[in-house]
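Spelled out from the first residue to the last, the chains are:
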2 protein chains.
Amino acid sequence: MARITGFPEWLPQQELIQQDLIARVREAFELHGFAPLQTRSVELLEDLLSQGDTDKEIYGVTRLAGEPAPAEWGLHYDLTVPFARFVSESRSKLTFPFRRYQIQQAWRGERPQLGRFREFIQADADVIDEGVLDLRHDADLLSLLARATSDLPVPTIRLLVNNRKVLQGFYLGLGISDVVGALRAVDKLPKIGDQGVKEQLIELGHSTGQAEASVGLTKIAASDSVGLEAVRDLGVEHPLLDEGLTELGFVLDRVQTTAQRDTVVAALHIARGFDYYTGTVAEGVFADHPDLGSVCSGGRYDTLASGGSTPLPGVGVSIGISRIMAFCDHLELLKSERRTPAEVMVIVHSEAERNEADVVADRLRGHGVKTLVSDSTAAYGKQIKRADRLGIRYVWFPGQNSQPDEVRDIRSGTQAAADADVWRPATG
Amino acid sequence: MARITGFPEWLPQQELIQQDLIARVREAFELHGFAPLQTRSVELLEDLLSQGDTDKEIYGVTRLAGEPAPAEWGLHYDLTVPFARFVSESRSKLTFPFRRYQIQQAWRGERPQLGRFREFIQADADVIDEGVLDLRHDADLLSLLARATSDLPVPTIRLLVNNRKVLQGFYLGLGISDVVGALRAVDKLPKIGDQGVKEQLIELGHSTGQAEASVGLTKIAASDSVGLEAVRDLGVEHPLLDEGLTELGFVLDRVQTTAQRDTVVAALHIARGFDYYTGTVAEGVFADHPDLGSVCSGGRYDTLASGGSTPLPGVGVSIGISRIMAFCDHLELLKSERRTPAEVMVIVHSEAERNEADVVADRLRGHGVKTLVSDSTAAYGKQIKRADRLGIRYVWFPGQNSQPDEVRDIRSGTQAAADADVWRPATG
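Because the structure is a prediction, the values reported are computed rather than measured.

Undergrad: Even after reading the chapter, I still don't get the overall build of chain A, so can you show me in this structure?
TA: Each helix and strand counted, chain A has 13 helices and 17 strands in total. If you line up chain A on its principal axes, its C-alpha atoms span 90 × 60 × 45 Å. Classification of the 428 residues of chain A by burial places 58% in the buried group. As displayed, chain A has an accessible area near 17,100 Å², and 48% of this comes from carbon and sulfur atoms. Of the side-chain charges in chain A, 46 are positive and 61 negative, and the distance between the mean point of each set is 4 Å.

Now the structure itself:
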């Protein structure tokens, strides 16, 4: 039997952190009025394969009890393709522009490595409209992504933005007609460097001049439309380049009006691998560890979904929860000792007094205090040690012989009388 | 291509309800100190098939890009088998008794019907200990299940409890040695009735007397150990029956000391299909619609997990989120018109004033108010109508010409000045 690798399973102390990340992202998405959605885990293989991207490896799904036959279904490899399919199918039941968020697993049969899993959790937010989707949504989704990621207790994330039309128009203006090949080469810039990209472009049959201009474009930094003017100075002209620069400038300028202005910068080497993006593209990296790779991404897709003759253009963002977890683990930032959500453990004096401990626990839970009752009736020191090992800060002593209950803060060692109907743990 | 049926996808107005159910169950589990866990979606087929239950149909998973080969992995069909596997593997890193909850999808390739999906969400809570797991955990898990389900905005759920040993001991005492066959027959009682069960037992080669006694057992109702004495009056004797009655009586009596006492009753026909249960078994039904079938379940499994020579007995409960959704939908209880989590929509007077609306929205979000900004700048009536269609109760008018902001309650029609930094929607 093939061992199962690349399917992460976190221990409780890490899963508590992952659940906290997910809850924060969900809250940010809901604060912006995005509605929850879950799509099925499987799609028709023909739908998954029609996106034309051969980079991803799909897992096929078959009924073991059925006749042996090639798989007709596959596990989805992202949440955007299923969302577009759902909107196309459910169009008559939705109100447009339709905003949804979706936090689910996705699967890719790739070779596992740091931050690249075969099963991973993504948190996506997208908006799709009928006919035309205003460009301000591209800016609003980037602001939302910046806000959602800035609320996370992880290293600072910087968002790098580009527009496919800028790259396409620039290449076409340069006389490079194999735009996809050039995009793929330039997309590797953080991994293989300027020289590597130049060599790849020359291998593809382009001239040294074309290769140097392509790399030159990626050196331009800008945070607004004025900064983008530097692209014009490179002397390349094409209508698609103009369109891309106008769009990118609009998006940057709109983000500049928000509190997220310092998080988002243009980065003209960003292309994003997936073929379905048609305009804005973005990715986020840990600002101090860009070499680890992207932890979130996004982009505009004008042709992924359609409702017959009506186009259903969309733009969305995706936060790689599993990637963030993996990178944080790599950076040794997941060292929590908290192994349970419980905030307090109720001491049990003796098995005969367990019922009193249960009653105290239910009074604490009654106003939202997460409470565990001690499993043992060992000496107090042992019970306290177990609470400490679980990362629980407080232990509760039910009062005996009409004495009041007392609660001890294990961290500070202080102990005081307390009422189970009103007591709350200190925050932090 | 085979159409994909049995994989539910809820519209936002229903998914909001599902997310609310999940959040409430999660809260109940955490209040009791259960830690979150997510296991991978795939297991080795040999592990899934080793449970010996042939009722379930497993989906195999293969890499499309690999050599054509029979599937070696399968999607898990429940959360208990993966949990037991996880605990066996991770034993040295866990603190026992280990309490975890797990809210995930599971997959079974069965024919879809009301409440039976091929992809479904379950919310499980389990505790596993090393060596021996005290019987009080069986009662505590039932109390937790009763509490978690009673907090849900769904029809009242009644929990029916039994103990496999009672059934096994009773059959053995009657001279029925094919215990599994008899269990399967009796488990069908709600579907095929007394006469149907008797006929099945007789078909299996048992006498009329044995069949009648077996059905007679199922007629006994009890809510505590005293009520269970009626079983003795049937005159069947076996050491395993004694053990089962003692365990079941203890569990019932302990639940009787809690606030959930009225929710839990013994039901001596309950067997639960899965082969891994060894003692306590339980299932919950909508009290007024028992014919729909179970919406939650649970039981004791003493041999599912093991750590070499050390047994790892467990007991757990499982809430069928997707089943509850399906039954509520069937009962027409999912008629919500709320299509977004947003509580208020900010009116946009004109495109030139969109920025002011965005600023207001961010002030509202700053203290947790879920806020959408109007997509259009149409007449106020149209913007309000759109908010209403999304199920948003409030619309917000940013003040113009130094006038204060105003908020309108669409439901009541009242409108009043309000401050975006402090305003909150009414609850309910």
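Undergrad: It is not clear to me how the relation of the copies chain B and chain A should be interpreted in this structure. Could you clarify?
TA: The two copies are related by a screw motion: chain B maps onto chain A through a turn of 180° and a shift of 0.0 Å along the axis, at an RMSD of 0.0 Å. With respect to symmetry, the two chain copies, as superposed, fit the operation of a two-fold axis. Distance from the rotation axis, computed per C-alpha, reaches its smallest value in chain B at Val 61 of chain B: 2.4 Å. A shared interface surface links the copies, since 99% of the contact residues of chain B are contact residues in chain A too.

Undergrad: What am I meant to see in the pattern of salt bridges here?
TA: Per the counting criterion, the structure on display carries 61 salt bridges over all chains. The partner of Asp 358 of chain A in a salt bridge is Arg 254 of chain B, with the nearest N and O atoms 2.8 Å apart. In this pair, Asp 358 of chain A is assigned in helix α12 (residues 354-366) and Arg 254 of chain B in helix α10 (residues 239-256), connecting two distinct chains. An identical accessibility class is assigned to Asp 358 of chain A and Arg 254 of chain B; each is buried. For Arg 363 of chain A, the salt bridge identified is with Asp 421 of chain A, shortest N-O distance 3.0 Å. Here Arg 363 of chain A is found in helix α12, whereas its partner Asp 421 of chain A is found in the segment after β17 (415-417), with 58 residues between them in sequence. Residue classification places Asp 421 of chain A among the partly exposed positions, given a relative accessible area of 42%. Each of the salt bridges in this network shares a partner with another, and the network as a whole consists of Glu 9 of chain A together with Arg 40, Glu 43, Arg 85 and Glu 89 of chain B.

Undergrad: Would you mind going over the packing of aromatic side chains with me for this structure?
TA: For any pair of aromatic rings, the description consists of the separation of the ring centres together with the inter-plane angle of the planes. All names here are of chain B. One pass over the structure, following the stated rule, counts 22 aromatic pairs over all chains. Judged by centre distance (6.2 Å) and plane angle (50°), the ring pair of Phe 7 and Tyr 59 falls under tilted. Taken together, the residues span a long stretch of sequence, with Phe 7 in the segment before α1 (12-31) and Tyr 59 in strand β3 (residues 59-63) at a distance of 52 residues. Residue Phe 7 shares its accessibility class with Tyr 59, and that shared class is buried. When the ring of Tyr 276 is compared with that of Tyr 301, the centres are 6.1 Å apart and the planes differ by 80°; the resulting orientation is edge-to-face. A residue pair is termed long-range when its members are at least 10 positions apart, and Tyr 276 in the loop between β9 (264-267) and β10 (280-286) and Tyr 301 in strand β11 (residues 296-307) qualify at 25 residues. Like Tyr 301, Tyr 276 is buried.

Undergrad: Hey, could you run me through the interface of chain B and chain A in this one?
TA: With 87 residues of chain B at the interface, the matching set in chain A holds 86 residues. In total, about 7,500 Å² of surface goes out of reach between chain B and chain A, with carbon and sulfur atoms giving 55% of it. Between chain B and chain A we count 14 salt bridges in total. The salt bridge involving Arg 85 of chain A is made with Glu 9 of chain B; its shortest N-O contact spans 2.8 Å. Joining chain B to chain A, the criterion identifies 38 residue pairs in polar contact (both at pLDDT 80 or more). Sorting elements by how many residues they give to the side of chain B that touches chain A places α1 of chain B first, with eight residues. Of the residues belonging to the side of chain B that touches chain A, the class tally is 37 nonpolar, 19 polar and 31 charged. Relative to β3 of chain B, strand β3 (residues 59-63) of chain A runs antiparallel, the two sharing five bridges.

Undergrad: Is there a simple way to think about the sheet that holds strand β15 (residues 394-397) of chain B in this case?
TA: The strands that make up a sheet pair up through hydrogen bonds in the backbone, lying either parallel or antiparallel. Residues and elements named next belong to chain B. An order of β14-β13-β15-β16-β17 is seen for the five strands of this open sheet, with the pairing classed as mixed. One side of each edge strand has no neighbouring strand; the edge strands of this open sheet are β14 (371-373) and β17 (415-417). The sheet shows a mean angle of 25° between the axes of neighbouring strands, direction not considered. Inspection of the sheet shows strand β13 (residues 344-346) paired to β15 by three bridges, in the parallel sense. Looking at the pairing, Val 346 lines up with Trp 396 of β15. The strands that helix α13 (residues 380-389) touches are β13, β15 and β16 (406-409); relative to β15, the one it contacts most, it runs at about 145°.

Undergrad: Would you mind showing me how to read the environment of Arg 91 of chain B here?
TA: Residues and elements named next belong to chain B. Within the fold, Arg 91 resides in the loop between α3 (80-90) and β5 (98-107). By relative accessible area, Arg 91 is classed as partly exposed at 24%. Sequence-wise, Arg 91 and Ile 121 are 30 residues apart; in three dimensions their C-alpha atoms are separated by 26 Å. Contact partners of Arg 91, with chain neighbours within four places excluded, come to Phe 96, Glu 130, Gly 307, Thr 310 and Leu 312. Of the polar contacts made by the side chain of Arg 91, one reaches the side chain of Glu 130; its length is 2.6 Å.

Undergrad: It is not clear to me how unusual backbone geometry should be interpreted in this structure. Could you clarify?
TA: Most peptide bonds adopt trans geometry, and most residues besides glycine take a negative phi value. Along the chain, Phe 96 of chain A connects to Pro 97 of chain A via a cis peptide bond; the corresponding omega equals -5°. Positionally, Pro 97 of chain A belongs in the loop between α3 (80-90) and β5 (98-107). For Glu 332 of chain B, which is not glycine, the phi dihedral falls at a positive 60°. Tracing the backbone shows Glu 332 of chain B in the loop between α11 (321-330) and β13. Residue Glu 332 of chain B is classed as exposed on the basis of its relative accessible area of 55%. Positive phi, normally seen in glycine, also occurs at Asn 401 of chain B, with a value near 50°. You can see Asn 401 of chain B is positioned in the loop between β15 and β16.

Undergrad: Honestly, the side chain of His 269 of chain B in this entry has me stumped. Any pointers?
TA: Residue and element names in this part refer to chain B. Checked against the element boundaries, His 269 lands in the loop between β9 and β10. With a relative accessible area of 12%, His 269 lands in the buried category. Dropping the residues within four chain positions of it, His 269 is found in contact with Asn 162, Val 186, Asp 187, Leu 189, Pro 190 and Thr 218.

Undergrad: Explain the sheet that holds strand β1 (residues 35-36) of chain B here, please?
TA: Residue and element names in this part refer to chain B. Strands sit in the order β1-β5-β6-β12-β11-β10-β7-β9-β8 across an open sheet of nine strands; the sheet is mixed. Edge positions in the sheet fall to β1 and β8 (221-222), since each has one partner strand and no second. Relative to strand β6 (residues 119-128), β5 runs antiparallel, the two sharing 10 bridges. Its bridge partner lying in β6, Gln 105 is registered against Ile 121. Along the sheet face, α10 touches β7 (157-163), β8, β9 and β10 and points at about 150° away from the line of β7.

About the cut-offs
Residues numbered from 1 in each chain as written. Chains lettered and ligands numbered in written order. Predicted model: local features only at pLDDT ≥ 70, side-chain atom pairs only at ≥ 80, totals over all residues. Heavy atoms only, no water. Helix = DSSP H or I, 4+ residues; strand = E, 2+ residues; numbered from the N terminus. Buried < 20%, exposed > 50% of the residue type's maximum accessible area, 1.4 Å probe, protein only. Areas by Shrake-Rupley, 256 points an atom, 1.4 Å probe, with all protein chains shown as cover. Lys, Arg positive; Asp, Glu negative; His and termini not counted. Charge placed at Lys NZ, Arg CZ, Asp CG, Glu CD. Least-squares fit on C-alpha atoms with pLDDT ≥ 70 in both. Contact = heavy atoms within 4.5 Å. Salt bridge = Lys/Arg side-chain N within 4 Å of Asp/Glu carboxyl O. Phe/Tyr/Trp six-rings, centres within 6.5 Å; stacked < 30°, edge-to-face > 60°. Buried area = accessible area lost by both parts, 1.4 Å probe. Polar contact = N/O pair within 3.5 Å; in protein donor to acceptor, adjacent residues only side chain to side chain. Nonpolar A, V, L, I, M, F, W, Y, C, P; charged D, E, K, R; others polar. Pairing = 2+ DSSP bridges. Axes fitted to C-alpha atoms, helices over the stretch in contact; angles between N-to-C directions.

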